[in-house]
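Results of the structural survey
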Amino acid sequence: MNRIACAIGATLAVAAAVTAPAHAAPSFTDIIDPLNPTFTQALGINNAGTIVGYGNGTIFNGFELTGGTFTRQNVGGADGGTQVVGVSGSGTTVGFSITGGITSGFTQSGGTFTTVNQGGTAFTQLLGINQAGSEIAGYSSAIVSGLTGQVAFSLVGTTFSAIPLPANNNSQATGVNNAGTVVGFYQLNPNPTNTPIFDGFVDSNGSVSTLVFPGAVSTQALGINNLGQIVGDYVDGAGVMHGFLDANGLFITLDPNGSTATTLNGINDQGQFVGFYVSATGNTIGTVGTAPEPASLLLLGAGLAGLGAARWRRTTR
């Protein structure tokens, strides 16, 4: 369940086939890492339009994409590879790498990588950074594999703060904005069905609310911008994974044409979102798109709600 390498993989294993409750129609553009053309994940985007992510032909291979040009970002000596997951407005990136079986978080600025691990743990992943570069979201575990004992945190300076979630088996903080609002997901404890069912969460200054796509059996909140728009994924009752946008309480499903499973992972203040989808041929393809304009979202909320646009269910715990 290690995000991004395992949590998404675990959820994708649940996916199978069919309906989405709501579809808006922004354009999607494929992102294909030329070194890893069958597996590309776009995971973060800043307000300048710089995109980060990784390819996975044989090993995690981090990249930054600016103006159509891929630049590799890989931690030296990381024999298990590098995933670049978030990027700030100034271009500082965060993510994680694996060396000798040990997973460590990192920050990168000006080509210099700095290892960032939470003290007293054996596993750390950094999964998001705000535009200001002042706060980071991630999770850690006392277990070397990171498969259990996951604890979501936010990081300001050198101070790690656990997200005050209800009792759970595992939790991951995946995105944060300049106001310090953190999003992520957690696995209920006890899990009512003994399957990887997740609730999304929103942590606003220590007040935590659940975020659940209406009717979904699993929801992961993965990215948030300074307008409070949230992206992520959910699994419907038929086991199909879809991307979603939450705009001020209005949930919209966003899937590229031909997708059999979609995840949206990051969103900037212009409403540009990034993520990835699985094609009919089984390839994992990065994607970038733009959220519908506010007027279109209002139209969906006012006139098309019966066709699938849905208000979120939020419960403070």
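Residues numbered from 1 in each chain as written. Predicted model: local features only at pLDDT ≥ 70, side-chain atom pairs only at ≥ 80, totals over all residues. Heavy atoms only, no water.

This paragraph deals with the sheet that holds strand β11 (residues 136–141). Strand pairing in a sheet is mediated by backbone hydrogen bonds. Such pairs are either parallel or antiparallel. Pairing is antiparallel in the open sheet, where four strands are placed in the order β10-β11-β12-β13. The open sheet is flanked by β10 (123–129) and β13 (159–162), the only strands paired with a single partner. Averaged over all adjacent pairs, the angle separating strand axes in this sheet is 30 degrees, with direction ignored. Pairing of β10 with β11 involves six bridges; the strand directions are antiparallel. Across the sheet, the residue bridging to L126 is G138, located in β11. (Pairing = 2+ DSSP bridges. Helix = DSSP H or I, 4+ residues; strand = E, 2+ residues; numbered from the N terminus. Axes fitted to C-alpha atoms, helices over the stretch in contact; angles between N-to-C directions.)

Further remarks concern the confidence of the model for the protein chain. Taken residue by residue, the protein chain gives an average pLDDT of 87. The fraction at 70 or more is 82%. Across residues 1–24 the pLDDT falls below 50, and counting only partners more than four positions away or on other chains, this stretch makes 94 contacts in the model. (pLDDT = per-residue confidence, 0-100. Contact = heavy atoms within 4.5 Å.)

What follows deals with unusual backbone geometry. Most peptide bonds take the trans configuration, and most residues that are not glycine carry a negative phi. One non-glycine residue with positive phi stands out, namely N205, at about 55 degrees. Relative to the elements of secondary structure, N205 occurs in the loop between β16 (198–204) and β17 (207–212). By relative accessible area, N205 is classed as exposed at 73%. One non-glycine residue, N248, lies in the positive phi region at around 55 degrees. Structurally, N248 is set in the loop between β20 (241–247) and β21 (250–254). (Buried < 20%, exposed > 50% of the residue type's maximum accessible area, 1.4 Å probe, protein only.)

Bringing the sheet that holds strand β7 (residues 93–99) into the picture now. Read across the open sheet, the four strands follow the order β6-β7-β8-β9; overall the sheet is antiparallel. The sheet is open, and its two edges are formed by β6 (81–87) and β9 (112–116), each paired on a single side. Ignoring which end each strand starts from, the neighbouring axes of this sheet average 30 degrees apart. Bridge analysis of β6 against β7 gives six bridges, and the strand direction is antiparallel. Bridge pairing links Q83 to F96 in β7.

Let us look at the packing of aromatic side chains. Summed over the entire model, instances satisfying the criterion amount to 13 aromatic pairs. Within the aromatic cluster, the residues linked to one another by ring pairs are F213, Y234, F244 and F251. (Phe/Tyr/Trp six-rings, centres within 6.5 Å; stacked < 30°, edge-to-face > 60°.)

Before going further, it helps to examine the pairing of strand β15 (residues 182–188). Most of β15 sits inside the fold, with six of its seven residues counted as buried. Relative to β15, strand β14 (residues 168–176) runs antiparallel, the two sharing seven bridges. The partner of V176 across the bridge, within β15, is V182. Hairpin connection between β14 and β15: a loop of five residues separates the two successive antiparallel strands, and G180 in this loop has a positive phi of roughly 85 degrees. The pairing of β15 with β16 spans six bridges and is classified as antiparallel. Directly across from F185, in β16, lies its bridge partner G200.

Now for the pairing of β20. Taking burial as the measure, the seven residues of β20 include seven buried ones, the bulk of the element. Here β20 shows no split at all, with M241, G243, L245 and A247 on one side and H242, F244 and D246 on the other all buried. Judged from the six bridges that link them, strand β19 (residues 230–235) and β20 form a sheet pairing that is antiparallel. By the bridge assignment, Y234 is partnered in β20 with H242. Between the end of β19 and the start of β20, which pair antiparallel, lie five residues, with G239 showing a positive phi angle near 90 degrees.

Applying the stated criterion across every chain yields a total of one salt bridge. The salt bridge involving D33 is made with R72; its shortest N-O contact spans 2.9 Å. Taken together, the residues D33 in the loop between β1 (28–31) and β2 (40–45) and R72 in strand β5 (residues 69–72) connect sequence positions 39 residues apart. For R72, a relative accessible area of 27% gives the class partly exposed. (Salt bridge = Lys/Arg side-chain N within 4 Å of Asp/Glu carboxyl O.)

On to the environment of S259, then. The topology assignment puts S259 in the loop between β21 and β22 (261–267). With relative accessibility at 23%, the residue S259 sits in the partly exposed group. When the C-alpha positions of S259 and T281 are compared, they lie 9.9 Å apart, and in sequence the two are 22 residues distant. Contacts of S259, omitting those with residues within four sequence positions, involve Y277 and V278. A polar contact of 3.1 Å, which involves the side chain of S259, links it to the backbone oxygen of A261. (Polar contact = N/O pair within 3.5 Å; in protein donor to acceptor, adjacent residues only side chain to side chain.)

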